[in-house]
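Remarks on the overall topology
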Amino acid sequence: PLVYGGNRVRLLQNGDEFFPNLLAAINGAARSIHFETYIFAQDNIGLRVSDALAAAADRGVAVRLVVDGFGTGTFAPELKSRLESVGAQVIIFRRTRWWRLERRLLRRMHRKLVLVDDQLAFAGGINIIDDHHHPDPEPARLGPRFDVAVVCEGPIVASIALAMKRLWWTLQLLQGRGRSGPAPALALESIPPPYADGVRAALLLRDNLRYRRTIESAYMEVIRTAHKEVLIACAYFLPGRTFRKALIDCVRRGVRVRLLVQGRIEYAIQHYGQEALYSQFLEAGVEIHEYETSYLHAKVAVVDESWATVGSSNIDPYSLLLAREANVAVYDAAFARDLRTALERAIDEHS
């Protein structure tokens, strides 16, 4: 991946930190908002965000929203109608049809990205849904869903902007929405200036064309060269044989490997598939912690306090082989320590 220097990347944990920052950015937008999400729920958070997007479009901001047809479900057409009535543009990515199962319908748009005025970008695992909106039949007993995002400024934003505009261009072309013009390209004048105190960062994408293995390859590169510690938090953790071997090889050469995984049963097949891997990891010396007090949704990692990633990609066949995903990798010790502290707190207090 192309690594940009001079970025400001700030960690946002859970909706309590993410949504106030997101809403402030939308309310302050002057020119454009590009928005991609897998789930856009019809709950208190979803309505607040849709109200903000509608207000932005109404005051003349160019608003483009992509929502996944499966993740957003039956709310998608209503959301589309409402926002388009005030001038926003909305594309529903692969509407699902319950009577037809095709392989292409499994290839979902799982990214969670927001771009404001080509200067500020959000990325991570947080959908547009209340932290307390749980599948559990007694959600009042549970705490908020544990999730993580970042807000970015600096040159990395140009990379995020290009990815989002290319997806929009592609979807317009596929849906036959008139002339789309040439494919978006990265222009040097569009890259925000670097900050003197900024950090190095890269956008990691996964799709079914150019970037089929980018996220997995980034993980493998840092795991294979780790010399002190690998700490991974992942909601759905079903790595393939090569990934599992890389983690076990870490332990054999003296690297501490810790996993924070989903402890509650959200999807039974994934949960029991994950549990089937425990014995192999535990016998090798990998430490496993299950997040118990609520649902874990984060997809993050820290390696050697020098590399960290926050994004939408789980380490499972769905994310690594089928879905469109987006992670941000940060090459900075201070950021890595902040994320490591958050994960260790989650391990100590919730597993």
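Scroll up a little and you will see the structure.
Here is a short report on the structure shown in this document. The structure displayed is predicted, hence computed values, not measured ones. (Residues numbered from 1 in each chain as written. Predicted model: local features only at pLDDT ≥ 70, side-chain atom pairs only at ≥ 80, totals over all residues. Heavy atoms only, no water.)

Quick word on the overall build of the protein chain
Using the following cut-off: A run of DSSP states H or I qualifies as a helix once it reaches four residues; a run of E qualifies as a strand once it reaches two. Both are numbered from the N-terminal end. Only the C-alpha atoms count toward the radius of gyration. The rule for a globule is 2.2 Å times the residue count to the power 0.38. The contact criterion used throughout is that any non-hydrogen atoms of two residues lie within 4.5 Å.
What the protein chain contains, in helices and strands, is ten helices and 14 strands. For 351 residues, the compact-globule estimate of 2.2 N^0.38 gives 20 Å, and the protein chain sits close to it at 20 Å. With the principal axes as the frame, the protein chain shows a C-alpha extent of 60 × 50 × 35 Å. Considering only contacts within the protein chain whose residues lie at least 6 apart along the sequence, 79% involve residues at least 24 apart.

Re the packing of helix H5 (residues 214-225) against helix H6 (residues 241-252)
Quick note on the threshold: Every axis corresponds to a line fitted to the C-alpha atoms, with the helix fit spanning only the stretch in contact, and the corresponding angles, defined between N-to-C directions, vary from 0 to 180 degrees. Convention used here: angles under 35 degrees read as roughly parallel, angles over 145 as roughly antiparallel, angles from 65 to 115 as roughly perpendicular, and any remaining angle as oblique. Note on convention: near helix rotated counterclockwise from far helix by under a right angle means a left-handed crossing. Clockwise means right-handed.
Packing of H5 against H6 brings their axes to within 9 Å, and their N-to-C directions diverge by 20°. Considered as vectors, H5 and H6 are oriented roughly parallel to each other. Crossing handedness for the pair H5 and H6: left-handed. When H5 is examined against H6, the residues Tyr219, Met220, Ile223 and Arg224 are found in contact with a partner set consisting of Thr242, Phe243, Ala246, Leu247 and Cys250.

What about the packing of aromatic side chains?
Aromatic ring pairs are described here by two measures, namely the spacing of the ring centres and the angle between the planes. Note the following rule: Each aromatic pair joins two rings of Phe, Tyr and Trp (for Trp, the six-membered one) with centres within 6.5 Å, and gets the label stacked for planes under 30 degrees apart, edge-to-face for over 60, and tilted for any other angle. Whether a charge sits over a ring comes down to the Lys NZ or Arg CZ being within 6 Å of the ring centre and within 35 degrees of the ring normal.
Taken as a whole and assessed by the stated rule, the structure comprises eight aromatic pairs. Each residue in the set Phe18, Phe19 and Phe122 is aromatic and connected to the rest through ring pairs, giving one cluster. Across the ring face of Tyr331, the terminal group of Arg200 is positioned such that the distance to the ring centre comes to 4.9 Å. Above the face of the Tyr295 ring, Arg264 is positioned so that its terminal group lies 5.7 Å from the ring centre.

Some details on the pairing of strand S12 (residues 299-303)
To keep things clear, this is the line we draw: In this scheme, a residue with accessible area under 20% of its type's maximum is buried, one over 50% is exposed, and one in between is partly exposed, where area comes from a 1.4 Å probe on protein chains only. A strand pair is defined by DSSP finding two or more bridges across the two strands.
Extensive coverage of S12 is indicated by the burial of five of its five residues. The side-chain alternation of S12 yields two buried faces, one formed by Lys299, Ala301 and Val303 and the other by Val300 and Val302. With four bridges connecting them, S12 and strand S13 (residues 307-311) associate as antiparallel partners. The residue of S13 that forms the bridge with Val303 is Trp307. Hairpin connection from S12 to S13: three residues lie between these consecutive antiparallel strands, with Asp304 at a positive phi of about 55°.

Let's talk about helix H3 (residues 75-84)
Which entries qualify depends on this criterion: This arc is built from the directions going out from the helix axis to the C-beta atoms.
For H3, the full list of buried residues reads Phe75, Ala76, Leu79, Lys80 and Leu83. For H3, the angular spread of the buried residues around the axis is 130°, confining them to a single face. Residues of H3 that are buried sit in contact with helix H2 (44-58), strand S3 (62-68) and strand S4 (89-93).

Details of the packing of helix H1 (residues 14-28) against H2
Worth spelling out the cut-off: In this classification, Asp, Glu, Lys and Arg are treated as charged, Ala, Val, Leu, Ile, Met, Phe, Trp, Tyr, Cys and Pro as nonpolar, and every other residue, Gly included, as polar.
In the contact formed by H1 and H2, the axes pass within 9 Å of each other and the chain directions differ by 15°. Taken as axis vectors, H1 and H2 run roughly parallel relative to one another. Once H1 is placed against H2, the crossing between them reads as left-handed. Taking contact as the criterion, the partners of Phe19, Leu22, Leu23, Ile26 and Asn27 in H1 are, on H2, Ile45, Arg48, Val49, Ala52, Leu53 and Ala56. Per-class residue counts for the contact of H1 with H2 are nine nonpolar, one polar and one charged.

Examining unusual backbone geometry
Phi at Asn14 takes a positive value of approximately 65°, unusual for a residue other than glycine. Residue position: Asn14 is located in helix H1. By relative accessible area, which is 12% here, Asn14 ends up buried. Unlike most non-glycine residues, Asp118 shows phi in positive territory, near 60°. Mapped onto the secondary structure, Asp118 falls in the loop between strand S5 (113-116) and strand S6 (120-124).

Side note on the layout of surface pockets
Stated precisely, the cut-off is as follows: A pocket, in this scheme, is an open set of points on a 1 Å grid over the protein atoms alone with protein on both sides within 12 Å along at least 5 of 7 lines, while a cavity is a set where a 1.4 Å probe fits but cannot get out; residues line either one if an atom lies within 4 Å of a point. Grid points are joined across faces, edges and corners, and a volume is the space filled by probe spheres set on the points.
By volume, the second largest pocket amounts to about 500 Å³. Elements with a contribution of two residues or more to the lining of the second largest pocket: helix H4 (156-174) and strand S8 (199-206). Looking at the lining of the second largest pocket element by element, the count peaks at seven residues for H4. Of the residues that constitute the lining of the second largest pocket, the class distribution is 14 nonpolar, three polar and five charged.

With respect to the environment of Ala55
By the element assignment, Ala55 lies in helix H2. When the C-alpha positions of Ala55 and Asn27 are compared, they lie 7.9 Å apart, and in sequence the two are 28 residues distant.

Points about the state of the cysteines
By definition, a disulfide is the covalent link that joins the sulfur atoms of two cysteine residues. Formally: Only a pair of cysteine sulfur atoms within 2.5 Å qualifies as a disulfide here.
Scanning the model with the defined rule gives zero disulfides in all. Cys234 supplies the cysteine sulfur nearest to Cys152, a cysteine that is in no disulfide, at a spacing of 20 Å. What makes Cys152 buried here is its relative accessible area of 0%. Looking at the unpaired Cys250, the closest cysteine sulfur is the one in Cys234, lying at 16 Å.

Side note on empty space enclosed by the protein
If you roll a probe as big as a water molecule over the atoms, it shows you where there is empty space left. Per the stated rule, a full pass over the model turns up four cavities of 30 Å³ or more. Taken as a whole, the largest cavity holds about 60 Å³ of empty space. When contributions to the lining of the largest cavity are tallied by element, the ones reaching two or more residues are strand S2 (32-37), S5 and S6.

As for the pattern of salt bridges
Test applied: Salt bridge, as applied in this entry: a Lys or Arg side-chain nitrogen positioned within 4 Å of an Asp or Glu carboxyl oxygen.
Tallied over the full model, the rule gives 15 salt bridges. When salt bridges with common partners are traced through the structure, they connect Glu229, Arg258, Glu305, Arg340 and Glu344 into a single cluster.

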